[in-house]
Amino acid sequence: MTLDLMTVLAICAMAAATVATRLAGLWVGRLLKLSPNTEEILGAIPPSVLMAVVAPTAFATGWAETIGCVVVAIAATRLSLLPAAACGVGVVAALRSLGL
């Protein structure tokens, strides 16, 4: 296996651009004063993105996955993304082990 210098440089440049974008977002975010309504709207984005990722699974697979997606949807209203996804994974694993 050989490494092409241009490929390595492209990967490093993309990593630097990603880090710079994230740091700039944090820096700009500290300077902005958001209204409570805007904060509420921004707080609704992560569960919406999670549902957009999970929803196709609910319609394209079996009952265990569909029930797991429902659990994720319900858990996302109360928990952050990682625990909500973990609940769904746990339900799917349990249902699959039961043969569903």
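Throughout what follows, the structure given in this document is the object of discussion. (Residues numbered from 1 in each chain as written. Predicted model: local features only at pLDDT ≥ 70, side-chain atom pairs only at ≥ 80, totals over all residues. Heavy atoms only, no water.)

1. With respect to the nonpolar core
A general feature of soluble globular proteins is that nonpolar side chains tend to end up buried together. For clarity, the threshold we go by: Here, nonpolar core refers to any group of buried Ala, Val, Leu, Ile, Met, Phe, Trp, Tyr and Cys residues whose side-chain atoms link them within 4.5 Å. Only protein chains enter the accessibility calculation, which uses a 1.4 Å probe; a residue is then buried when its area is under 20% of its type maximum, exposed when over 50%, and partly exposed in between. Per the convention used, a helix needs a DSSP run of H or I reaching at least four residues, while a strand needs a run of E reaching at least two, with both numbered from the N terminus. A contact between two residues is defined here by any heavy atoms of the two lying within 4.5 Å.
Judged by nonpolar contacts, Leu50, Val54, Ala58, Cys69, Val72, Ala75, Ala76 and Ala84 together constitute the single largest core of 8 residues. Where this core is concerned, the elements lending two or more residues are α3 (45–60) and α4 (63–76). Looking at which element gives the most residues to this core, the answer is α4, with 4 residues. Apart from residues no more than four positions distant in its own chain, Ala58 is found in contact with Thr66 and Cys69.

2. Considering the packing of α3 against α4
For the record, the criterion: Orientation is described by axes fitted as lines to C-alpha atoms, over the contacting stretch for helices, and by angles from 0 to 180 degrees between their N-to-C directions. Our angle categories are set so that under 35 degrees counts as roughly parallel, over 145 as roughly antiparallel, 65 to 115 as roughly perpendicular, and the remainder as oblique. Here the term charged refers only to Asp, Glu, Lys and Arg, the term nonpolar to Ala, Val, Leu, Ile, Met, Phe, Trp, Tyr, Cys and Pro, and the term polar to all other amino acids, Gly among them.
For the pair α3 and α4, interaxial distance at closest approach is 9 Å and the crossing angle is 170 degrees. When the interaxial angle is binned, α3 and α4 end up roughly antiparallel. Residues Pro47, Leu50, Met51, Val54, Thr57 and Ala58 of α3 touch α4, and the partners they reach there are Glu65, Thr66, Cys69, Val72, Ala73 and Ala76. Partitioning the contact of α3 with α4 into residue classes produces 9 nonpolar, 2 polar and 1 charged.

3. Quick word on the pattern of salt bridges
As a working rule, side chains carrying opposite charge can pair if their charged atoms are close by. Note the cut-off: Within this document, salt bridges are pairs made up of a side-chain nitrogen of Lys or Arg and a carboxyl oxygen of Asp or Glu, the two lying within 4 Å of each other.
Applying the stated criterion to the full structure yields 1 salt bridge. Glu65 serves as the salt-bridge partner of Arg96, at 2.3 Å between the closest nitrogen and oxygen. Of this pair, Arg96 sits in helix α5 (residues 81–97) while Glu65 sits in helix α4, and the two are 31 residues apart along the sequence.

4. Thoughts on α3
Just so we agree on the cut-off: Here a helix's expected span is defined as the number of its residues, less one, multiplied by 1.5 Å. Across the chain, bend at a residue is computed as the angle between axes fitted to the seven residues ending at that point and the seven starting from it.
For α3, built from 16 residues, the straight-helix expectation of 22 Å at 1.5 Å per residue is met to within 8% by its first-to-last C-alpha distance of 24 Å. The sharpest bend along α3 measures roughly 30 degrees and falls at Val53, with the proline Pro56 sitting one to four residues further on. Looking at the buried side of α3, the elements it contacts are α4 and α5.

5. Brief notes about the environment of Ala60
Following the sequence through the fold, Ala60 ends up in helix α3. Through-space distance from the C-alpha of Ala60 to that of Ala13 is 37 Å; in sequence the pair is 47 residues apart.

6. Concerning α5
In plain terms, the rule: To be clear, the arc concerns the directions from the helix axis to the C-beta atoms.
The first and last C-alpha atoms of α5 sit 24 Å apart over 17 residues, in line with the 24 Å expected at 1.5 Å per residue. When α5 is considered as a whole, its buried residues turn out to be Ala84, Gly88, Val92 and Leu95. The arc that holds the buried residues of α5, viewed along the axis, is 75 degrees, so those residues lie on one side. Facing away from the buried side of α5 by over 90 degrees, the exposed positions are Leu82, Val89 and Ser97.

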